[in-house]
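Observations on the model geometry
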Amino acid sequence: MEELISRFLIGGILVSAFALVGEVVRPKSFAGLFGAAPSIALATLGLTVATKGRDYAAIEARSMIAGAIAFFLYALTVSKVMMRYKPPALAATSTLILICRAVAFGLWFVWVR
């Protein structure tokens, strides 16, 4: 229960801090970069270091990096396909999610070996 409360408090504080940065940054289109994801990632890594150690947290951080790379390539591909071929959004996103999965699992396979 104590860990759950600390996760809640640390996550809330970091989300609020990043939201404040998002409010201050100009142009407002950059505000989304300071949304919940970076703050939740930092809170999770901090708590993981405190509870399970640095080695375990390093594995978790590497997984976060792989997921970020995979999502970036997915978003880039979806945006290019949507702009060029104009398919229905649901069809494009649900089909191209395979790119995200392939990149994520490919990076995992390379890094684990």
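Now for a look at the structure at hand. (Residues numbered from 1 in each chain as written. Predicted model: local features only at pLDDT ≥ 70, side-chain atom pairs only at ≥ 80, totals over all residues. Heavy atoms only, no water.)

Scanning the protein chain from terminus to terminus reveals four helices and zero strands. Moving toward the C terminus, one meets the helices and strands of the protein chain in the order α-α-α-α. For 113 residues, the compact-globule formula gives about 13 Å, and the C-alpha radius of gyration of the protein chain, at 17 Å, lies well above that figure. Relative to its full complement of 113 residues, the protein chain shows a buried share of 15%. Taking contacts inside the protein chain between residues at least 6 apart in sequence as the whole, the part at least 24 apart equals 44%. Here the protein chain carries 11 positive and 5 negative side-chain charges, and the mean point of each set is 18 Å from the other. (Helix = DSSP H or I, 4+ residues; strand = E, 2+ residues; numbered from the N terminus. Rg over C-alpha atoms; globule rule 2.2 N^0.38 Å. Buried < 20%, exposed > 50% of the residue type's maximum accessible area, 1.4 Å probe, protein only. Contact = heavy atoms within 4.5 Å. Lys, Arg positive; Asp, Glu negative; His and termini not counted. Charge placed at Lys NZ, Arg CZ, Asp CG, Glu CD.)

This part covers the nonpolar core. Core analysis: the largest hydrophobic core is formed by five residues, namely Ala 70, Tyr 74, Val 78, Leu 96 and Cys 100. Of all the elements in the fold, those that place two or more residues in this core are helix H3 (54-85) and helix H4 (89-112). If one sorts the elements of this core by residue count, H3 sits on top with three residues. Leave out the neighbours within four places in its chain, and Val 78 touches Thr 93 and Leu 96. (Core = buried A, V, L, I, M, F, W, Y, C linked by side-chain atoms within 4.5 Å.)

Relative to the helices and strands, Ile 69 is located in helix H3. Classification of Ile 69 by relative accessible area gives partly exposed; the value is 35%. Once the C-alpha coordinates of Ile 69 and Ala 104 are considered, the two residues, 35 residues apart in sequence, prove to be 7.7 Å apart. Not counting residues within four places of it along the chain, the set of residues in contact with Ile 69 comprises Val 103 and Leu 107.

What follows covers the side chain of Thr 48. Along the chain, the position of Thr 48 falls in helix H2 (residues 36-52). Here Thr 48 falls in the buried class, since its relative accessible area comes to 7%.

In this section: the packing of H3 against H4. The description of two packed helices rests on the angle between their axes and on the distance between the axes. Where H3 meets H4, the closest approach of the two axes is 8 Å, and the angle between their N-to-C directions is 150°. Relative to H4, the element H3 lies roughly antiparallel. Regarding H3 and H4, the two cross each other, and that crossing is right-handed. Across from Arg 62, Ile 65, Ala 66, Ile 69, Ala 70, Phe 71, Leu 73, Tyr 74, Thr 77, Val 78, Val 81 and Met 82 in H3, the residues of H4 making contact are Ala 89, Ala 92, Thr 93, Leu 96, Ile 97, Ile 99, Cys 100, Val 103, Ala 104, Leu 107 and Trp 111. In the contact of H3 with H4, the residues fall into 20 nonpolar, two polar and one charged. (Axes fitted to C-alpha atoms, helices over the stretch in contact; angles between N-to-C directions. Parallel < 35°, antiparallel > 145°, perpendicular 65-115°, else oblique. Left-handed = near helix turned anticlockwise from the far one by under 90°. Nonpolar A, V, L, I, M, F, W, Y, C, P; charged D, E, K, R; others polar.)

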